[in-house]
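# A look at the structure
Below, each chain spelled out in residue letters.
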Amino acid sequence: MDFGFTPEQEQLRAQVRRLLDTELPLERILAWSAKPQPLDRALWTRVAALGWPGITVPEAYGGLGLGCEDLIVVLEEMGKSLAPLPLLATDAAVTAIRLLADDAQCTAHLPGIAAGATIATIAVLEESDVVAPDAIATRARAAEGEARHATGAAATRGAGAAGDVVLDGVKLFVPDAQHADLILVAARENDGVSLFAVPATAPGVRVAPLVVVDPTKPAAEVRLESVRLAASARLGVAGGAWPAIVRVLDRMTIGLAAEMIGAADAALAMAVEYAKVRRQFGSPIGRFQGVKHRCAELLVDIESARSLVYYGAWAVEQSPEQAASYAAMAKAAASEALDATGEECIQIHGAIGYTWECHAHLFYKRGRHCHVWMGAPDEHYERVLALQEQTA
Amino acid sequence: MDFTFTTEEERFRADVRAFIRDHLPKGASGDGDLESGLASLPALYKWNQDLLAKGWVGFNWPREVGGGGGSLVAQMILKEEMARHKAPPLGLSYMGLAWVGPALIKYGTAAQKAEHIPPILRGDIQWCTGYSEPGAGSDLASLQCKAVRDGDDYVVNGQKIWTSLAMWSQWMILLVRTDPEAPKHLGITCLLVRIDTPGITVKPIKEMNGGAMFAEVFFEDVRVPLGNRLGAEGQGWDVTKDALANERSSIGDVWALKHRLEGLKDLAARCRRRGRRAIDDPGIRQRLARMETQVEAMRLNGLRFLTKQLRGEPLGAETSINKLIRARVEIESGRLARDIEGTYGVLAKKSPHAIDDGKWQRVMLGWPPYVIGGGTPNIQKNVIAERLLGLPHDAP
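Residue positions within a chain follow its written sequence, with the count starting from 1. Chains and ligands are labelled sequentially in the order written, the chains with letters from A and the ligands with numbers from 1. It should be noted that, the model being predicted, local features are given only for residues of pLDDT at least 70 and side-chain atom pairs only at 80 or more, the latter also being counted only at that level, while totals for whole chains, interfaces and linings use all residues.

### Comments concerning the overall build of chain A
In plain terms, the rule: Only runs of H or I of at least four residues qualify as helices and only runs of E of at least two qualify as strands under DSSP, and these elements are numbered from the N terminus. Here the globule rule reads 2.2 Å times residues to the power 0.38, and the radius of gyration is calculated from C-alpha atoms. With C-beta atoms placed from the backbone, the exposure class of a residue follows from how many other C-beta atoms lie within 10 Å of its own: 20 or more, buried; 12 or fewer, exposed; in between, partly exposed. Here the contact rule is simple: place C-beta atoms from the backbone, and any two residues whose C-beta atoms are within 7 Å are in contact.
When its secondary structure is counted, chain A shows eleven helices and twelve strands. Whereas a compact globule of 392 residues would reach a radius of gyration of roughly 21 Å, chain A reaches 22 Å, a difference of no more than 12%. In chain A, which comprises 392 residues, the proportion classed as buried is 54%. Pairs at least 24 apart in sequence give 74% of the contacts found in chain A among residues at least 6 apart.

Shown next, in the form of structure tokens:
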């Protein structure tokens, strides 16, 4: 029985902390969120050299071969810094490839991801905002020898091979798609759902960035118009990808919740530090129970979410049958904790908390944004009971 | 992270389960709570003896005083299995085990240990705790009940209140002020007092649920031998504070709340609201799942704190986190049951048409001992804010 991290994991945490403190201080996040720029690929290459994007890529494919517990160590620290790095999306793609792909496909994709050369993401949701196989309207159909790639007004023609597929549809809320080189697209095929590895540069793919409440969580719409792919783009059997997609989403939900407890932790620390130094009525405001009790309640909420996230990260690999339920509980708890902490961080700062220069709004936006990203608490609470009723 | 147990620990768990199968008293208390435990005291006496033979009363106390000398992990397993199977408490001398024994082990003389620990382990003696006073509740250290030395005795005058189980107890662990001039935490002394000492009057207090578990206790020139002082004069605050910090894995509470939650789901499957089962009502489902999430968080928080202890780091105010969660869940469970029952939620025990004979109304009226006792939620928040977040102390 040991519910804590190993010395190696604590070293990893310290290393991540050092790099983020140097490279991505909140001042830089503030400047960046005023005018979001494309991802700093040089920084991504540097973190790749430290092993982050390849953290869960098997060693045979150039990664560190570590697990979800190690991943959330990095994600939690990234959350504290509100780092706009596409690690969560990348790990989701890595996981989907590991679960579904054959050796040739792994060899084609994983080493590039681990090296930082390829940024990858996964596209499941669509306009319906529903996570279910039936909700996926994007379709994959067999190519008819030749395909038209509709790119703008001009149509081009290309020769196709037997077994080629053509994708049509619109994916929405795709994390980090604007930086991605590789987009794993869920599409209906043979009365099921398949997952296709789509290069962002493939003819017919158009990525339109969304303007989001929290610019440190970039996302985009991905349009696929007659996108022709070789059969080798399909990961796993035709129509059989949904169970793997569900596992990827559960893992991603836990990863997102890990980022969120990191952010909540930093927001509470910021509020507490201010409450210690800001004086009113002749006393630090942190002496007043209206302030200190609120901080205490938030700590209870954050620590509780933290326990659920850590356990969920363990369950993903060591006890998969529990993963869905703990993903739901962890995300619900993390949503409530961060949403409230970001809000309280502004309130404890008073008027200054509402200024652009104060970092409080960065955490507030992260909280409001992530509360509903990958499912709001009410959806996750419903899932907790529904899962129990399924197994009963 | 590793949530598996060693072969030895698993063997211990199997041993506990076998023990429960063979020794659990028939018809004895349901969920290990204090009230039902006391109601069947005589029937539980053998349970205590059987536990004692295994070394499971005072499980983590040192062997030299008759305890089990058990490890933290084994203790967690023991409590978890007992609570999971709705076993009665791990020993009959409830306050003696929770408060008095740990203080005696750390501060008692050899004679005091020899006199008091064996009866606590056997369940022969009930203890109560003379801490709170009318003017000293959350601010316990401001207590005024005073003791003055006179020859070989202290002479105690004053009043205690909210003294749980006083009317069933033979002994009391009592905090008195021996030095009115000293800073408030340093002028306090701890005494061990026989309840039948002349000058002591116990007056039960009727509670909002109609029961009477606690009492007022009055002291009028009560003579307590000097030899009954626990620890040094002026050390009383430390003596009891250490006992407060002792043993806080909360795993037993977690399982009691898990049983409660199962009961609520079962209730929601039987009750109808607005033409459908309450369990199919989205609002009720949200509240059930949210409570489940909080109870799970409490369980896992406990495991994280246990890990800290196992790694040799001291545990401090973290335990207040679970105490606050427990308070939230205790209060919400009675309120949620009422809302599941709808208008039937007004029917109490013995009423015609009452659901489950008003069981959930007792829950709705029964949370204060668990929420107020040992420090109100507001006090827990002070503790968390000051000791975990480093915010300033709020007392002037």
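### Some remarks on the overall build of chain B
When helices and strands are tallied, chain B shows 13 helices and ten strands. Taking 21 Å as the expected radius of gyration for a compact globule of 396 residues, we find that chain B reaches 22 Å, a close match to that expectation. Dimensions along the principal axes, computed over C-alpha positions, put chain B at roughly 75 × 50 × 45 Å. The 396 residues of chain B split such that 42% are buried. Long-range contacts, defined here as pairs at least 24 residues apart, represent 68% of the contacts in chain B between residues at least 6 apart.

### Looking at the nonpolar core
All names here are of chain A. Worth spelling out the cut-off: The term nonpolar core means buried Ala, Val, Leu, Ile, Met, Phe, Trp, Tyr and Cys residues held together as one set by C-beta atoms within 7 Å.
Of all hydrophobic cores here, the largest spans 232 residues; its most connected members are A93, A96, L167, C295, V309 and A330. Ranked by the residues each element gives to this core, the list is headed by helix α7 (residues 242-277), at 21 residues. If we skip the residues at most four places from it in the chain, A93 touches I113, A120, T121, I122, L182 and L184.

### Topic: the confidence of the model for chain A
It should be kept in mind that the predicted coordinates are not to be read in detail where pLDDT is low. Which entries qualify depends on this criterion: Within a predicted model, pLDDT stands for the predictor's per-residue confidence, ranging from 0 to 100.
Averaged over all residues, the pLDDT of chain A is 95; the fraction at 70 or higher stands at 96%. Note on residues 150-158 of chain A: pLDDT is under 50 here. Beyond four places in sequence and across chains, it has 16 contacts.

### Remarks on the environment of P175(A)
Among the secondary structure elements, P175(A) is positioned in strand β5 (residues 165-175). Among residues more than four places away in sequence, those in contact with P175(A) are L88(A), A89(A), T121(A) and A219(A).

### Some thoughts on the packing of helix α9 (residues 320-349) of chain A against helix α11 (residues 377-391) of chain A
All names here are of chain A. Applicable threshold: The convention used is that axes are lines fitted to C-alpha atoms, helices contributing only their stretch in contact, and that angles between N-to-C directions extend from 0 to 180 degrees. For this classification, under 35 degrees means roughly parallel, over 145 means roughly antiparallel, 65 to 115 means roughly perpendicular, and everything else is oblique. Crossings are classed by handedness, with left-handed meaning an anticlockwise turn of the near helix from the far one by less than a right angle and right-handed meaning a clockwise turn.
Put simply, α9 and α11 touch, their axes get as near as 8 Å, and they point 155° apart. With respect to their mutual orientation, α9 and α11 come out roughly antiparallel. Considering the relative orientation of α9 and α11, their crossing is left-handed. Residues A324, S325, A328, M329, K331, A332, S335 and E336 of α9 pack against P377, H380, Y381, R383, V384 and L387 of α11.

### Section: the environment of T307(B)
Among the structural elements, T307(B) can be located in helix α9 (residues 282-310). Using a count of 19 C-beta atoms within 10 Å as the deciding quantity, one classes T307(B) as partly exposed. Between the C-alpha atom of T307(B) and that of L72(B), which follows or precedes it by 235 residues, the distance is 9.6 Å. T307(B) has contacts with D2(A), F3(A) and G4(A), leaving out every residue within four places of it along the chain.

### A word on the interface of chain B and chain A
Test applied: Ten residue types, Ala, Val, Leu, Ile, Met, Phe, Trp, Tyr, Cys and Pro, are classed as nonpolar, four, Asp, Glu, Lys and Arg, as charged, and the remainder, Gly among them, as polar.
The interface of chain B with chain A comprises 33 residues on the first partner and 34 residues on the second. At the level of secondary structure, the elements contributing two or more residues to the side of chain B that touches chain A comprise α9, α10 (319-341) and α13 (377-388) of chain B. Here the side of chain B that touches chain A gets 15 residues from one element, more than from any other, and that element is α9(B). Here the residues of the side of chain B that touches chain A are counted per class, giving 18 nonpolar, six polar and nine charged.

### Some remarks on the pairing of strand β5 (residues 188-194) of chain B
All names here are of chain B. We count it as follows: A pair of strands is considered paired only if DSSP assigns at least 2 bridges between the two.
Counted residue by residue, β5 has six buried out of seven residues, so it is predominantly covered. As defined by bridge partners, strand β4 (residues 171-177) adjoins β5 across seven bridges and the pair is classed as antiparallel. Each bridged residue has a counterpart across the sheet, and for M172 the counterpart in β5 is V193. Summarising the sheet, β5 and strand β8 (residues 229-230) pair through two bridges and their orientation is antiparallel. Looking across to β8, one finds that L191 is bridged to R229.

### What about helix α8 (residues 289-318) of chain A?
Convention followed: For a helix, the expected span equals 1.5 Å multiplied by the number of residues minus one.
When the terminal C-alpha atoms of α8(A) are compared, their 42 Å separation across 30 residues agrees well with the 44 Å that a helix rising 1.5 Å per residue should span. Counting buried positions along α8(A) yields 25 of 30 residues, so the element is predominantly enclosed.

### Observations concerning α9(A)
Owing to its 3.6 residues per turn, the α-helix brings residues three or four apart onto one side. All names here are of chain A. Inclusion rule: Bend at a given residue is defined as the angle between two axes, one fitted to the seven residues that end at that position and one fitted to the seven that begin there.
Its 30 residues place the ends of α9 42 Å apart at the C-alpha level, agreeing with the 44 Å of an ideal helix rising 1.5 Å per residue. Along α9, the sharpest change in direction is near 30° and occurs at Y326. Here α9 lies mainly inside the structure; 25 of its 30 residues are buried. Count one or two residues on from α9 and you reach G350, which has phi positive near 70°.

### Details of the packing of α9(B) against α10(B)
Geometry of a packed helix pair, given as the angle between the helix axes and the separation of the axes. Residue and element names in this part refer to chain B. Where α9 contacts α10, the two axes come as close as 10 Å, and the packing angle between them is 160°. One element, α9, and the other, α10, form an angle in the roughly antiparallel class. Pair α9 / α10 crosses with left-handed handedness. Contact residues: α9 offers I284, R287, M291, Q294, V295, A297, M298, N301, G302 and F305, while α10 offers T319, I321, N322, I325, R326, R328, V329, E332, S333, L336 and I340. In the contact of α9 with α10, the residues fall into eleven nonpolar, six polar and four charged.

### Here's the deal with the environment of C345(A)
Residue and element names in this part refer to chain A. Mapped onto the secondary structure, C345 falls in helix α9. The exposure class of C345 is buried, given the 29 C-beta atoms found within 10 Å. The spatial distance from the C-alpha of C345 to the C-alpha of A49 is 35 Å, given a sequence separation of 296 residues. The residues contacting C345, other than those within four sequence positions of it, are A267, M270, A271, G353, A360, F363 and Y364.

### So, unusual backbone geometry
Residue and element names in this part refer to chain A. Not every positive phi belongs to a glycine, and D176 is a case in point at roughly 55°. Positionally, D176 belongs in the loop between β5 and β6 (182-189). Take D176: there are 25 C-beta atoms within 10 Å of it, and that puts it in the buried class. Positive phi values are uncommon outside glycine, yet M374 reaches one of about 60°. Residue placement: M374 occurs in the loop between α10 (360-372) and α11.

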